[in-house]
Amino acid sequence: MNIFSERMSSLQPSVIREIFKYMADPEVISFAAGNPAPEAFPADIIASITTDIMRNNPITALQYSISEGYPPLREWVKADLTKKGIFAPKDDDVIITSGAQQVMEVMTKLVCNEGETIICEAPSFIGSLNAFRSYKAKLVGVPMDDEGIELARLEAALKANPRTAFIYLIPTFQNPTGRTMTLARRKAVLALAKKYNVLILEDNPYGDLRFAGEDLPTLKELDVQSGERRVVYAGSFSKTLAPGLRVGFMCGAENMVQKATVCIQASTVHTGILSQMITHEFVSRTNFTKHTQKLATLYKAKAKLMLDALQFNMPHSIDFTQPEGGLFIWGTLPENANMVDFCKRAIANKIAVVPGNAFLVDERESCQSFRLNYTFPSDDKIEKGVQILSKVAKEMYK
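The structure presented is a predicted model; accordingly, all values stated were derived computationally and were not measured.

Draft legend 1. Molecular detail of unusual backbone geometry. With an omega of 10°, the peptide bond running from A122 to P123 counts as cis. Summarising the element assignment, P123 is placed in the loop between strand 3 (117–122) and helix 6 (126–133). A cis amide bond, omega 25°, links N175 with the succeeding residue P176. Its place among the elements puts P176 in the loop between strand 6 (164–169) and helix 8 (183–195).

Rendered as structure tokens:
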């Protein structure tokens, strides 16, 4: 008997979550997870904050609360986004979510009817793709180059799919490629969205983790400047504080956030209040900008360590992106190489990487790339892991 809904028929377990099973083996070195560095967690401060909350304000932390989110945290987020030019006080609102992942699910529920199209970068974040699939959306992937999503192909996709609900983009330190969309490309993408009258969902969980290059305005900032109100913005504390807290936020036009509130009332009721209170106390007690700069400094060193090791050890026929921030490096094998076989041989040698086709709209599509994470493994494991991965690559490619 088939007991599952049609909506679930196309969903498969996340490849990345499946790879976590291999991490139970202590000998496996994981370059697969998108986890922050363990040493990045301010555990002592969070412990002190939690103790204070439970001593001084336990009922607020343990009782039901409003769906829009813990009011002091919402106000802090609004003020922070206003400083960054991302929040338009007269037009926008903010709702606190269970990580940025919930924004993807809520946004799809809000604006995408079954069978309508969501256009995204190819490759793109697998968690978002699965959220879109869960609502039976038609997914259309548009290839990227080093400047971001390709404009001609994006316009072709918009022309071919008049029932497009929104364009999903990760412009800054993209997952999985680590690329950053140029300012010119950002402006051109917004112009196309205006021309074809579609919304954009901007996912920016890594924006505060820049360690090279110059800051660029977000799509939402450019949208605020234009007065279009076409961009919905997803932010998160998962990469800058702790993913286990599950605190993110959605920023967009006031009517959009009002409808998102109804969606959250029907699912999670509200994001965990204790986590929100911990987050608010942390950003209030500390200089959050200095905190994220400290993380960026840590990740700069780890990215350099991995990139230097890859350049020295790996065959020169394999290309790697050069991220200016975030968590990921994207490796591309020589033309006609068997990427899946490469990833299987890597795990057989106790090195976990994510096969690139996991990030495509259709995993059956040909892909020569794979994703590496440099934030989670220790420095020793980065060096050892790259040496082992290089041995596998040299056996397969020159």
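Now that the structure has been shown, the text picks up again.
Draft legend 2. Just helix 10 (residues 254–265), in detail. Between its first and last C-alpha, helix 10 extends 17 Å over twelve residues, near the 16 Å set by a 1.5 Å rise per residue. Within helix 10, burial applies to M256, V257, A260, T261, C263 and I264. Down the axis, helix 10 shows its buried residues gathered within 160° of arc, on one side only. Considering only its buried residues, helix 10 is in contact with strand 2 (92–97), helix 5 (99–111), strand 7 (199–203), strand 8 (231–236) and strand 9 (248–253).

Draft legend 3. Region of interest: the pairing of strand 6. In terms of burial, strand 6 is a largely internal element, six of the six residues being buried. Of the strand pairs in this sheet, strand 3 and strand 6 are connected by four bridges, and their pairing is parallel. In the strand pairing of strand 6, T117 is matched with T164. Bridge analysis of strand 6 against strand 7 gives four bridges, and the strand direction is parallel. Bridge pairing links I167 to I200 in strand 7. Between strand 6 and its parallel partner strand 7, the chain crosses via helix 8, and the hand of that crossover is right-handed.

Draft legend 4. Summary view of the pattern of salt bridges. All told, the structure shown has 25 salt bridges when counted by the stated rule. Salt-bridge contacts for R74 lead to D93; the nearest nitrogen and oxygen are separated by 2.8 Å. Of the two residues, R74 is situated in helix 4 (residues 71–83) and D93 in strand 2; the sequence distance between them amounts to 19 residues. Looking at R74, the relative accessible area reads 12%, which means it is buried. Classification of D93 as buried rests on a relative accessible area of 14%. Taken together, the shared-partner salt bridges connect R74, E75, K78 and D93 into one network.

Reading the values: the criteria
- For every chain, the first residue of the written sequence is number 1, and numbering continues from 1 onward in sequence order.
- Local features in a predicted model are, by the rule used here, given only for residues with pLDDT of at least 70; side-chain atom pairs are given and counted only at 80 or more, and totals for whole chains, interfaces and linings are based on all residues.
- In computing side-chain values, all of the structure's heavy atoms are included and hydrogens and water are not.
- The numbering of helices and of strands both runs from the N terminus, where a helix is a DSSP run of H or I of at least 4 residues and a strand a run of E of at least 2.
- Helix span, as expected, comes to 1.5 Å for every residue beyond the first.
- When a residue's accessible area, from a 1.4 Å probe over protein chains only, is under 20% of the maximum for its type it is buried; when over 50% it is exposed; and in between it is partly exposed.
- In this description, the arc belongs to the directions extending from the helix axis to the C-beta atoms.
- The contact rule is simple, with two residues in contact once any of their heavy atoms fall within 4.5 Å.
- Here, a strand pair is defined by DSSP locating no fewer than two bridges between the strands.
- Consider the strands pointing away from the viewer: the crossover is right-handed when the path from the first strand over the helix to the second runs clockwise.
- A side-chain nitrogen of Lys or Arg and a carboxyl oxygen of Asp or Glu constitute a salt bridge if their distance falls within 4 Å.

So far we have only geometry, and geometry alone does not tell us how the molecule works.
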